[in-house]
Amino acid sequence: MANAIWNALEGVREVEITVTGRRTGRQISHPVWFVQEDDNLFLVPVTGSDSQWYKNVRRTPMIQVAANGTALSSSVTPITDAAQVEHVVDLFRAKYGAQRVNEYYPKHDVAVQIPLG
């Protein structure tokens, strides 16, 4: 499965995530930007810790990531350490451009790590 998701992510600029709603228990999907480093996928919520999907994964730390018809369900690890978050944001800047990241991500106080292996 890891190889399938790696292949599905190649050349993709965004993935669709599905999380469990903390109040409704329903599955909620959103397209998001992502970066890969080593055997991990990293996400930065657009409005940081105020983002609804981030609050949902804090309650139920499971996520589904889908790209090109391939999906991976995995646990998530919230990242709150400022230096680690800034590293992930730097990866976003390298992939998407510093101006766009700074414009679209006004608050970056958290990130999310998803193991791909």
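For the structure, check the block above.
Because the structure is predicted, anything quoted here is derived from the model rather than measured.

Engineer: Before we move on, could you go through the overall build of the chain and cite the residues and values that matter?
Structural biologist: When helices and strands are counted, the chain shows four helices and eight strands. When its helices and strands are written in sequence order, the chain yields α-β-β-β-β-α-β-β-β-α-α-β. On C-alpha atoms alone, the chain measures out to a radius of gyration of 13 Å, which is about the 13 Å that the 2.2 N^0.38 rule sets for 117 residues. Judged by the C-alpha coordinates and their principal axes, the chain covers about 35 × 30 × 20 Å. Classification of the 117 residues of the chain by burial places 41% in the buried group. Taking the intrachain contacts of the chain between residues at least 6 apart in sequence as the baseline, contacts between residues at least 24 apart amount to 66%. Accessible surface for the chain amounts to roughly 6200 Å². Of this, 47% is attributable to carbon and sulfur atoms. The averaged location of the 12 negative side-chain charges in the chain is 12 Å from the averaged location of its 11 positive side-chain charges.

Engineer: So what's going on with the nonpolar core? Residues and values would help.
Structural biologist: Membership of the largest hydrophobic core comes to 36 residues, with the highest contact counts inside it found for I17, L43, W53, I63 and F92. Listed by contribution, the elements that provide at least two residues to this core are α1 (2-9), β1 (14-20), β2 (27-33), β4 (40-43), α2 (52-59), β5 (62-67), α3 (82-96) and β8 (111-115). By residue number, the principal contributor to this core is α3, which donates five residues. With sequence-adjacent residues up to four places away left out, L43 is seen in contact with I17, V32, W33, F34, W53, I63, F92, A111, V112 and I114.

Engineer: Tell me what's going on with the pattern of salt bridges, and back it up with residues and numbers.
Structural biologist: Considering all chains together, one arrives at four salt bridges under this definition. Between R93 and D90 there is a salt bridge, with its nearest N and O atoms 2.8 Å apart. Of the two residues, R93 and D90 both sit in helix α3, three residues apart, roughly one turn of that helix. The closest approach of N and O atoms between D109 and K107, which form a salt bridge, is 3.8 Å. Relative accessible area serves as the criterion here: at 28%, D109 is assigned to the partly exposed category. Judged by its relative accessible area of 30%, K107 is partly exposed.

The rules behind each value
Residues numbered from 1 in each chain as written. Predicted model: local features only at pLDDT ≥ 70, side-chain atom pairs only at ≥ 80, totals over all residues. Heavy atoms only, no water. Helix = DSSP H or I, 4+ residues; strand = E, 2+ residues; numbered from the N terminus. Rg over C-alpha atoms; globule rule 2.2 N^0.38 Å. Buried < 20%, exposed > 50% of the residue type's maximum accessible area, 1.4 Å probe, protein only. Contact = heavy atoms within 4.5 Å. Areas by Shrake-Rupley, 256 points an atom, 1.4 Å probe, with all protein chains shown as cover. Lys, Arg positive; Asp, Glu negative; His and termini not counted. Charge placed at Lys NZ, Arg CZ, Asp CG, Glu CD. Core = buried A, V, L, I, M, F, W, Y, C linked by side-chain atoms within 4.5 Å. Salt bridge = Lys/Arg side-chain N within 4 Å of Asp/Glu carboxyl O.

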